[in-house]
Amino acid sequence: MATDRHRLIQGLLQHYPFVIKNFSAYFRNLYRRNILKTTVVTPYSAIFYATHKCNLDCGYCTQKNPEVFSEELDTETTIRLFRNLRKDVDTLLITGGECTVRPDIEELVRAARQDVKFRSVLVVTNGVLLDKRRAMLPHLSGLVCSLDAISHDPSDPMSKSAAVPRVLENLMMAKQILPPDAITLSCVLELWNIEEAEKILAFCQEHGFYFSVQSAQNNGKYPNFTYLKNERYQRFVDKLISMRKNREARINGTPKLLSTVLRFEEFKCYPTMFPRVYPNGDIFYPCEVLRKIAGNVLEDGSISAAFARGRRIYGETPQCKNNCFLFGNVLSSYYVEDFWGLAADTVRPA
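Residues numbered from 1 in each chain as written. Predicted model: local features only at pLDDT ≥ 70, side-chain atom pairs only at ≥ 80, totals over all residues. Heavy atoms only, no water.

A closer look at the packing of helix α6 (residues 194-207) against helix α7 (residues 231-245)
- Their axes nearest at 10 Å, the elements α6 and α7 cross at an angle of 15°. Viewed along their axes, α6 and α7 adopt a mutual orientation that is roughly parallel. Between α6 and α7 lies a crossing of left-handed hand. Residues Ile194, Glu195, Ala197, Glu198, Leu201 and Gln205 of α6 touch α7, and the partners they reach there are Arg232, Tyr233, Phe236, Lys239, Leu240 and Met243. (Axes fitted to C-alpha atoms, helices over the stretch in contact; angles between N-to-C directions. Helix = DSSP H or I, 4+ residues; strand = E, 2+ residues; numbered from the N terminus. Parallel < 35°, antiparallel > 145°, perpendicular 65-115°, else oblique. Left-handed = near helix turned anticlockwise from the far one by under 90°. Contact = heavy atoms within 4.5 Å.)

Some remarks on the side chain of Thr125
- Within the secondary structure, Thr125 is located in strand β3 (residues 120-125).
- Here Glu98 takes part through its side chain, which lies 2.7 Å from a polar atom of the side chain of Thr125. (Polar contact = N/O pair within 3.5 Å; in protein donor to acceptor, adjacent residues only side chain to side chain.)

Points about the environment of Glu288
- Turning to its location among the elements, Glu288 is positioned in the loop between β8 (282-284) and β9 (293-296).
- The buried category is assigned to Glu288, whose relative accessible area is 8%.
- Taking the C-alpha atoms as reference points, Glu288 and Tyr278, separated by ten residues in sequence, lie 9.5 Å from one another.
- Polar contacts involving the side chain of Glu288 include one to the side chain of Tyr278, which spans 3.0 Å. (Buried < 20%, exposed > 50% of the residue type's maximum accessible area, 1.4 Å probe, protein only.)

Written as structure tokens, this is what we have:
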């Protein structure tokens, strides 16, 4: 028991900026929920869709042109948008579409970290153009590369499988610039790629990368409950949770969170924790899945101001349990409902 306590204290000291931020958010949200009686919780990290253009065509993606489209701001105006986001959050996750198809992505990442002073800047990419955008890497806190297969299949040139050799080369290049634990391979799990997900997990173990996984959503919104009847799927989920419990690999999420995400267990979503902002500055309230716009962060001046407007228009966040199982939405539940368990698991040294 004393050893466990010592390791927990050691972890708290090692992660003190992260710990201070999370404790502050926890107590602010406690005040919001119990005193202000609102489910609109404190924003933790902004998710910015830099573009909806993409150089691949993944069937499960719901954030690409022409299905979704928003006009992109120019570089200078986008940086001004970043300054408004920074008023409420110190972490920025840049995604798409495929954000590396934006010609100015290197300047945007540099400005976000060096000029706007985000404490943490992460980029989500398919990895195909990393070698063309390598100047952004030194400014990143984390790189998330989405990969649904690691076996090369050139039959469909617009698939990730066709791009695997180039992506793997680019990951090795990124590993020379970023520490391995700053790189995450994110896998969208379907029945066809369970064996590929196993190989991606092994690849992460080999290179010290993090592994992240969630199941593909029907129409981008709803879980596919037929997965739960598939023995191969359930065996992989069991293996993943066991490996996470025993810390045999770097896997995003606590064992409980992984079970919720992959077995579609009940959770309560707090979507305003991870506000989603489109390229033109539009921000969703309470979440992107419901397609309701609260306002525009560039025009309103901050996330808080836009959310206040959204709350006046749409009211409190709805009690939509078990609708979608996006990793960030489930994570928001654990931040609010199981904060102490999440904190202890996150900061405890391996």
